[in-house]
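The lines below spell out each chain.
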Amino acid sequence: MRQAVLNLEESRIREVANAGMGRDDVLAFWFGESDEVTPDFIRQAAIESLQRGETFYSHNLGLPELRQAVSTYMSALHGPVESGRIAITSGGVNALMIAIQALVDAGDEVVAVTPVWPNLTAQPAILGARVRCVALKPVDGEWTLDLPSLLAAVTPATKVLILNAPNNPTGWTLTRREQQALLDHCRRTGTWILADEVYERLYFADDTDNGCAPSFLDIAAADDRLVVVHSFSKSFLMTGWRLGWLVMPPDMTHHVGKLIEFNTSCASVFTQRAGVVALHRTADVTPRVVAHLKVCRDTLIPLLAAVPGVQLALPRGGMYAFFRVSGFDDSLVTAKRLVVEAGLGLAPGDAFAPEARGWLRWCFASHDPNRLALGVDRLRTWLADQRPANERIGV
């Protein structure tokens, strides 16, 4: 086998989850998905498609109806995005991999901002690229970008800059000023920007008119070296459907269609039919999802912040609380112990980058916010049990 594949690390999130799967007593907040099922009218669209016998291949780039629905949806948020710039993929992960396959050769330099979902750095490594990471820095629990350091890291030798904002796991979000500076810089260096913007609708700040996090599509020209990745998973409660899309320069789309052919051929038709309905009825899904996630965030964060030794900041976007506990510097060990000893399932920070080794990620996308409060109670009790006995009894 290729050495790059042999060198891949297994998911530390899965490593923790495997320790607790099948246990009814574990409160699981380790995966990045809501525990709420996909709305019925979206599921019904897929059922009706199957009943019509739509079990055959579609166009590599996706159903024309879905590509047009994505175009309409994206144009309403960011200005004109023509359907000829859109490719439908079998999930956001597939979209990312296809983008990397389209842009990266073995030996190319790729710069990524971390901590980040591990797929974004693993995928270019699988293809033999040299991945350099520029780390966000925590300041009073809030992860921030050192923009001068990132600009210095991106040179004419950099083929692709990978950014995920709003960020999984930290909740960090690029500002418009930072986006413009990066776009201008990458235009000068000839560097492609691969922007994972799957959390753009899960945004809680009040600094945009459209309710979205700042997007590169708001400021970029159609022919800029920019590829934007999106997914139905988060904003439409469709994680298991494996449906996503890419936005790219128009002269790239045909070639991406070839890559889709050699990867998956196409997304399933009945899944795409569900996607069409989801986009047409966005107003019936996404605002409710975002409002509920804000309730969840505003439930969890104050409770966590009140736990002795916990440091975190209010995330502006995404569905995660990213925090650390004083004295617990090995997050993988801590996460495993929490599963076994406290019945609490969290993701270890070092799954996302070495600099996040002492941090934990808590997905707060819970249909019942009371589960979040119960989880904090379990964390607080477990932490109290870790103190020396003389401290616990007040000696």
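The text that follows walks through the structure, step by step, so that each part is easy to find. Predicted model, so just to flag it, every value in this text is computed and none were measured. (Residues numbered from 1 in each chain as written. Predicted model: local features only at pLDDT ≥ 70, side-chain atom pairs only at ≥ 80, totals over all residues. Heavy atoms only, no water.)

## Things to note about the overall build of the protein
In terms of helices and strands, the protein carries 14 helices and 15 strands. For the protein, whose C-alpha radius of gyration is 21 Å, the value lies close to the compact-globule estimate of 21 Å for 395 residues. Each principal axis of the C-alpha atoms in the protein carries an extent, and together these give about 70 × 50 × 50 Å. Sequence separation of 24 or more characterises 74% of the internal contacts of the protein that already satisfy a separation of 6 or more. For the protein, the exposed surface amounts to about 16,400 Å²; the carbon and sulfur share of it is 53%. Of the charged side chains in the protein, 37 are positive and 43 negative; the average position of the first set lies 2 Å away from that of the second. (Helix = DSSP H or I, 4+ residues; strand = E, 2+ residues; numbered from the N terminus. Rg over C-alpha atoms; globule rule 2.2 N^0.38 Å. Contact = heavy atoms within 4.5 Å. Areas by Shrake-Rupley, 256 points an atom, 1.4 Å probe, with all protein chains shown as cover. Lys, Arg positive; Asp, Glu negative; His and termini not counted. Charge placed at Lys NZ, Arg CZ, Asp CG, Glu CD.)

## Focus: empty space enclosed by the protein
Within the structure shown, the criterion is met by two cavities of 30 Å³ or more. Size it by volume and the largest cavity reaches roughly 60 Å³. In terms of lining, the largest cavity is formed by Ser 34, Glu 36, Lys 234, Leu 237, Val 289, His 292, Leu 293, Met 319, Ala 365 and Ser 366. Among the residues forming the lining of the largest cavity, the class breakdown is five nonpolar, three polar and two charged. Roughly 40 Å³ of volume is contained in the second largest cavity. What lines the second largest cavity is simply Tyr 73, Val 198, Glu 200, Arg 201, His 230, Ser 231, Ser 235, Phe 236 and Trp 245. Its residues assigned to classes, the lining of the second largest cavity comprises four nonpolar, three polar and two charged. (1 Å grid on protein atoms, 1.4 Å probe; cavity = no way out; pocket = protein on both sides within 12 Å on 5 of 7 lines; lining within 4 Å. Points joined across faces, edges and corners; volume = space filled by probe spheres on them. Nonpolar A, V, L, I, M, F, W, Y, C, P; charged D, E, K, R; others polar.)

## Quick notes on the sheet that holds strand β12 (residues 320–325)
A sheet is described by the order of its strands in space; here four strands give the open sequence β11-β12-β15-β14, paired in antiparallel fashion. The open sheet has two free edges, formed respectively by β11 (310–311) and β14 (347–348), since each of these has just one partner strand. Two strands pair when backbone bridges link them, and β14 and strand β15 (residues 359–363) are joined in this way by two bridges, in the antiparallel orientation. The partner of Pro 348 across the bridge, within β15, is Leu 360. Along the sheet face, helix α12 (residues 331–342) touches β14 and β15 and points at about 45° away from the line of β15. (Pairing = 2+ DSSP bridges. Axes fitted to C-alpha atoms, helices over the stretch in contact; angles between N-to-C directions.)

## As for the packing of aromatic side chains
As enumerated under the stated definition, the model contains 13 aromatic pairs in all. For the pair Phe 328 and Trp 382, a centre-to-centre distance of 5.4 Å together with 45° between the ring planes defines the contact as tilted. Here Phe 328, found in the loop between β12 and α12, pairs with Trp 382, found in helix α13 (residues 369–386); they are 54 residues apart in sequence, far enough to count as distant. The buried category is assigned to Trp 382, whose relative accessible area is 5%. Taken together, Tyr 73, Phe 232, Phe 236 and Trp 245 form an aromatic cluster joined through their ring pairs. The ring of Phe 41 has Arg 281 sitting right over it, with the charged end atom 3.6 Å from the ring centre. (Phe/Tyr/Trp six-rings, centres within 6.5 Å; stacked < 30°, edge-to-face > 60°. Buried < 20%, exposed > 50% of the residue type's maximum accessible area, 1.4 Å probe, protein only. Lys NZ or Arg CZ within 6 Å of the ring centre and 35° of its normal.)

## Examining unusual backbone geometry
A cis amide bond links Thr 114 to the next residue, Pro 115, at an omega of 5°. Omega for the peptide link from Ala 165 to Pro 166 comes to -5°, which places this bond in the cis form. Residue Asp 140 is not a glycine yet carries a positive backbone phi of 55°. In this fold, Asp 140 is placed in the loop between β5 (137–139) and β6 (142–144). Since its relative accessible area comes to 65%, Asp 140 is described here as exposed. Positive phi values are uncommon outside glycine, yet Arg 242 reaches one of about 55°. Mapped onto the secondary structure, Arg 242 falls in the loop between β9 (226–231) and β10 (244–247). Arg 242 sits in the partly exposed class, given a relative accessible area of 35%.

## Examining the nonpolar core
Soluble globular proteins tend to bury their nonpolar side chains together. Leu 150, Leu 163, Phe 323 and Trp 362 are the most contacted members of the largest nonpolar core, which totals 128 residues. A total of seven residues in this core trace back to one element, the largest contributor, which is helix α11 (residues 286–305). (Core = buried A, V, L, I, M, F, W, Y, C linked by side-chain atoms within 4.5 Å.)

## Observations regarding the pattern of salt bridges
Under the counting rule described, the total for this entry stands at 19 salt bridges. Here Glu 15 and Lys 336 are joined by a salt bridge, their closest N and O atoms 2.5 Å apart. Of this pair, Glu 15 sits in helix α2 (residues 12–20) while Lys 336 is found in helix α12, placing the two residues 321 residues apart along the sequence. For Glu 15, a relative accessible area of 32% corresponds to the partly exposed category. Among the residues examined, Lys 336 registers a relative accessible area of 31% and is labelled partly exposed. Each of the salt bridges in this network shares a partner with another, and the network as a whole consists of Arg 52, Glu 54, Glu 65 and Arg 273. (Salt bridge = Lys/Arg side-chain N within 4 Å of Asp/Glu carboxyl O.)

## Thoughts on the sheet that holds strand β3 (residues 109–114)
Strand order across the open sheet formed by seven strands is β2-β10-β9-β8-β7-β3-β4, with mixed pairing between neighbours. A single partner strand is all that each edge strand has here, and the edge strands are β2 (86–89) and β4 (130–135). Each neighbouring strand pair of the sheet contributes to a mean axis angle of 20°, computed without reference to strand direction. Of the pairings in the sheet, the one linking strand β8 (residues 192–196) to β9 comprises four bridges and is parallel in character. Across the sheet, Ile 193 pairs through a bridge with Leu 226, a residue of β9. Contacts from helix α4 (residues 64–78) reach β2, β9 and β10 within the one sheet, and its direction differs from that of β2 by about 115°.

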